[in-house]
Amino acid sequence: MRLITIEENPYNAETPMRELSRILTPTELFYVRSHFDIPDLDPAAHRLQIEGAVSVPLNLGLKEIQDLPSRSVTATLECAGNGRIGLEPKVPGVRWAFGATGTAHFTGASLHHLLDRAGIQDAAVEALFIGADRGEVEPGRTVAFERSLPMSLTRHADTLLAWEMNGEPLTRLHGSPLRLVVPRWYAVASVKWLTRIRILTQPFQGHYQTEKYLYEREKGTADKTPVTTMRVRAVIARPAEGEVVPGEGVEIAGMAWAGEAPIRKVEVSVDGGRSWSESILGASPSEYSWTPWRLSWSPASPGEHLLVARATDAAGHAQPLGQSWNAQGYGNNVVHQVRVKVR
Ligand SMILES: Nc1nc2c(c(=O)[nH]1)N[C@H]1C(S)=C(S)[C@@H](COP(=O)(O)O)O[C@H]1N2
Ligand SMILES: [Mo]
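All of the points below concern the structure found in this document. Owing to the predicted nature of the structure, the values given are computational and were not obtained by experimental measurement. (Residues numbered from 1 in each chain as written. Chains lettered and ligands numbered in written order. Predicted model: local features only at pLDDT ≥ 70, side-chain atom pairs only at ≥ 80, totals over all residues. Heavy atoms only, no water.)

Considerations on the sheet that holds strand β7 (residues 126-138)
- Taken in spatial order, the five strands line up as β4-β3-β12-β7-β8 in an open sheet, and their pairing is mixed. Two strands bound the open sheet, and with one partner strand each, they are β4 (58-61) and β8 (141-150). Strand-to-strand twist across the sheet, computed as the mean angle between neighbouring axes with direction ignored, equals 25°.
- Bridge analysis of β7 against β8 gives nine bridges, and the strand direction is antiparallel. What sits directly across from Gly 135, in β8, is Val 143.
- Helix-sheet contacts for helix α2 (residues 111-118) involve β3 (47-52), β4, β7 and β12 (194-200), and the interaxial angle to β4 is about 135°. (Pairing = 2+ DSSP bridges. Helix = DSSP H or I, 4+ residues; strand = E, 2+ residues; numbered from the N terminus. Axes fitted to C-alpha atoms, helices over the stretch in contact; angles between N-to-C directions. Contact = heavy atoms within 4.5 Å.)

Printed below as a string of structure tokens:
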């Protein structure tokens, strides 16, 4: 199995749905989202600069960062554009189906250790994270991939400066040698190829903060609400779309997650949403990672069946049965459907 390429240039590729039945997504099968050419950074020569509203600006090599107390989190990452492909009317952006997500074990250091060392000034409101990648977002306008976070989130122990993924040094595609990992948030916050952190006294106004990654013209959402935490979602990892299944003992299974609260239930329909059964939830390896779910099914009749899974979180958010349309196509957590044929 390999990643499914969605775009060659810049490289964007999603995880095959059947791989989403394992808790940890192998690194080589973990979706890749890149806005620009992928940097090729030399870990031995890499420097991270911390500047702006700090008492002591820092310029550190990877080794010095790795001397900070280490910490690991198992976290589910998801691209805010996951599920965009089905939106009608169509919207611009990478045409992700449902595989722009994965769960990995990340190791690094709590970001706040580094910020403590630099000494954050009282006037600080946000920290800006700048990647080594850059490119044109419109003719004549070149920007780096850069995103900010509120200071409160930078103090969270599990906001990580990560250098390992699944027990190995970060690979080039996933941000080598250093990336941010922000659990619960759509992965746009988890800046890869991190080279610079700038502490700001005014909210950041850059392209990927104030022009992209906003919910625009979405019913029920204040216009231009920034994309932050992941919306509740379940995916069906098996059976696969179009699979021919036997007349008994079929296991329907997948993962469910939400950025705001734990998963409370995943309901499954085998008749296109007319009736629903509650699936069995498995154990989630951490509060930041998805929860496995499964249901065994003995189909009552042969022929075509439309399977649907619908997750609800403990805060009471349930996935919508229809699309969540917005002009940039983010957070479309419509229920996942899979068509199968019973022998
Ligand atoms: N420097 C940099 N960081 C980045 C991006 C990028 O293009 N450049 N893409 C972001 C987005 S939108 C996503 S969904 C995640 C994807 O992380 P992954 O490729 O490791 O799955 O990285 C984020 N961090
Ligand atoms: Mo993304």
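Focus on the side chain of Thr 291
- Here Thr 291 is to be found in strand β21 (residues 291-297).
- In this structure Thr 291 touches Gly 254, Met 255, Ala 256, Ile 263, Leu 281, Gly 282 and Ser 284, once residues within four positions along its chain are discounted.

A few points about α2
- What α2 keeps buried is the set Leu 111, His 112, Leu 114, Leu 115 and Ala 118. Burial along α2 is one-sided: seen end-on, the buried residues are contained in an arc of 155°.
- After α2 finishes, the residue Gly 119 shows a positive phi value of roughly 75°. (Buried < 20%, exposed > 50% of the residue type's maximum accessible area, 1.4 Å probe, protein only. Arc of directions from axis to C-beta.)

What to know about the pattern of salt bridges
- Applying the stated criterion across every chain, the model contains 14 salt bridges.
- Where Asp 158 meets Arg 71, a salt bridge forms, and the shortest distance between an N and an O atom there is 2.6 Å. Highlighted residues: Asp 158 in the loop between α3 (151-154) and β9 (160-165) and Arg 71 in strand β5 (residues 70-78), separated in sequence by 87 residues.
- For Asp 158, a relative accessible area of 8% gives the class buried.
- What you see here is one network of salt bridges that share partners, running through Glu 51, Arg 196 and Arg 198. (Salt bridge = Lys/Arg side-chain N within 4 Å of Asp/Glu carboxyl O.)

Nothing here speaks to function; it is all geometry.
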